[in-house]
Amino acid sequence: MTARVLTPVSPRQIVLRMPARRDGAALHDLIAHCPPLDLNSRYAYLLLCDHHADTCVVAEVDGRIVGAITAYFPPTRPDTLFVWQVAVDPSMQGQRLASQMLDSLIERCIANRPGGQPLRAVEATISPSNIASRKLFTSFAVRHGVEIVAGLHFSAADFGNGEHEEEWLYRLGPWPVRA
Ligand SMILES: CC(C)(COP(=O)(O)OP(=O)(O)OC[C@H]1O[C@@H](n2cnc3c(N)ncnc32)[C@H](O)[C@@H]1OP(=O)(O)O)[C@@H](O)C(=O)NCCC(=O)NCCS
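First things first, this report covers the structure right here in the doc. Please read these numbers as outputs of a predicted model, since none were measured by experiment.

Another aspect to go through is unusual backbone geometry. The residue after Pro 35, namely Pro 36, is reached through a cis peptide bond having omega 10°. Examined against the element boundaries, Pro 36 turns out to sit in the loop between helix H1 (24-32) and helix H2 (42-51). That bond from Gly 173 to Pro 174 is cis: its omega, -5°, falls within 30 degrees of zero. Considering the arrangement of structural elements, one finds Pro 174 in the segment after strand S7 (167-173).

Moving on, we get to the sheet that holds S7. Spatially, seven strands are ordered S1-S2-S3-S4-S5-S7-S6 in an open sheet, and the strand pairing comes out mixed. Edge positions in the sheet fall to strand S1 (14-17) and strand S6 (147-154), since each of these pairs with one other strand and no more. Within the sheet, the average angular offset between the axes of one strand and its neighbour, ignoring direction, is 25°.

Here strand S4 (residues 80-88) lies mainly inside the structure; eight of its nine residues are buried. Relative to S4, strand S3 (residues 64-72) is paired through six bridges, and the arrangement is antiparallel. Considered in S4, the bridge of Tyr 72 is made with Phe 82. Here S4 runs beside strand S5 (residues 121-126); their pairing, made up of four bridges, is parallel. By the bridge assignment, Phe 82 is partnered in S5 with Glu 123. Taking the sense of rotation as the criterion, the β-α-β connection linking S4, helix H3 (residues 97-111) and S5 turns out right-handed.

The rules behind each value
- Residues numbered from 1 in each chain as written.
- Predicted model: local features only at pLDDT ≥ 70, side-chain atom pairs only at ≥ 80, totals over all residues.
- Heavy atoms only, no water.
- Helix = DSSP H or I, 4+ residues; strand = E, 2+ residues; numbered from the N terminus.
- Pairing = 2+ DSSP bridges.
- Axes fitted to C-alpha atoms, helices over the stretch in contact; angles between N-to-C directions.
- Buried < 20%, exposed > 50% of the residue type's maximum accessible area, 1.4 Å probe, protein only.
- Right-handed = clockwise from strand over helix to strand, strands pointing away.

Structure follows, in structure tokens:
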């Protein structure tokens, strides 16, 4: 893995937008620099940018992707936004970028609900050792005034290789319905 050096930027320079197909490779490279996230294939990130752009967000500074959230609506639960991966380049962490991306994504998802259907919940799975992720989602829930319910979802055995920590499902909701 090569080191990447980014100089500090002001919030005004950060652009939050939907990803496009051309962002797939950069998204893959960002995730590669954000342990402990699982790195998926380049093809998987291309698919997310192509099929799920509406429910994903990238943060760009001077044309470089420095943050991203991948998410989708599970086919059997279209009222729930499942957040898959949240990544902020190490040089940009601790500046509320992940929180801004989550807020921006949820605003977009609520605004674009088909037929005005309400969004009921946001879900994510978090491994017990990922304190930053747990803090991020707890803080997100507090900001939006919603409850969190958590329970074991994928056991270590489910991953089948003895190398992956268990994953707990965090469900945030019910999401406030807008008038
Ligand atoms: C987790 C991650 C996305 C947070 O990004 P970030 O932009 O630094 O997060 P924010 O600045 O918006 O912080 C949100 C909250 O989490 C807390 N937080 C962030 N990083 C933290 C850390 N390492 N330890 C403890 N708390 C942390 C912040 O204090 C803040 O809490 P507050 O709102 O109560 O003040 C980033 O650290 C990252 O990319 N990590 C590697 C990948 C990963 O673990 N992703 C999450 C799993 S999907």
